[in-house]
Amino acid sequence: MSEPVESPVEAAPQERKRVWKTPPNVALCAEGDIADPGSRGFVVQIGEAYFHGFVVRKDGQVAGWVDRCPHAGFPIAMELDRYLTPDGSLIICGWHGAIFEPLSGACVGGPCAGGKLTPWPVEARGGIIRTA
């Protein structure tokens, strides 16, 4: 009689730790890397954890937001760097259609009307967008 063969046990995938703030003065990209109007997502590793945010550039200004819809907690974009409506006038949550003002983060329509995106302090200085 042969001995039973043990089947290998697969390790459960480890959930990545998230943080909701970043240290100041982290260079993200050149200001010209984001169209005006335009947007770009960023994942910043801080130790063992990760921050997910996005930057919007509109009318010569930049604004940063935590990549999390206040309605259901999902990331805003369903596709890489697709945070804005096609005309670039508003931020739109691809999951449930909430819409936000790009520079104030105020929700102006959809399921979280009256809510607001969580700010991520960023600034454009010397042609570089950095955390503030």
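Residues numbered from 1 in each chain as written. Predicted model: local features only at pLDDT ≥ 70, side-chain atom pairs only at ≥ 80, totals over all residues. Heavy atoms only, no water.

S.K.: I'd love a proper account of the overall build of the protein chain, names of residues and values included.
M.R.: Scanning the protein chain from N- to C-terminus turns up zero helices and 10 strands. For the protein chain, the succession of helices and strands along the chain, N to C, is β-β-β-β-β-β-β-β-β-β. Taking all 132 residues of the protein chain together, 35% fall into the buried category. A fraction of 48% describes how many contacts in the protein chain between residues 6 or more apart in sequence connect residues 24 or more apart. Per element, the accessible surface of the protein chain, about 8,200 Å² overall, is 52% carbon and sulfur. (Helix = DSSP H or I, 4+ residues; strand = E, 2+ residues; numbered from the N terminus. Buried < 20%, exposed > 50% of the residue type's maximum accessible area, 1.4 Å probe, protein only. Contact = heavy atoms within 4.5 Å. Areas by Shrake-Rupley, 256 points an atom, 1.4 Å probe, with all protein chains shown as cover.)

S.K.: Outline the layout of surface pockets, supporting the account with residue identities and numerical values.
M.R.: The volume enclosed by the largest pocket comes to roughly 180 Å³. Taken together, 14 residues line the largest pocket, and the ones lying closest to its centre are Pro 37, Gly 38, Ser 39, Asp 81 and Leu 84. Class assignment of the residues belonging to the lining of the largest pocket gives a composition of six nonpolar, four polar and four charged. (1 Å grid on protein atoms, 1.4 Å probe; cavity = no way out; pocket = protein on both sides within 12 Å on 5 of 7 lines; lining within 4 Å. Points joined across faces, edges and corners; volume = space filled by probe spheres on them. Nonpolar A, V, L, I, M, F, W, Y, C, P; charged D, E, K, R; others polar.)

S.K.: Kindly report on the state of the cysteines, identifying the contributing residues and their values.
M.R.: Inspection of every chain in the model, using the stated rule, returns zero disulfides. Among the cysteines around Cys 93, which has no disulfide bond, Cys 69 carries the closest sulfur, lying 3.9 Å off. Under the relative-accessibility criterion, Cys 93 is labelled buried at 2%. Unpaired in terms of disulfides, Cys 112 finds its nearest cysteine sulfur in Cys 107, a separation of 3.3 Å. With relative accessibility at 9%, the residue Cys 112 sits in the buried group. (Disulfide = S-S within 2.5 Å.)

In short, shape yes, function no, at least from these values alone.
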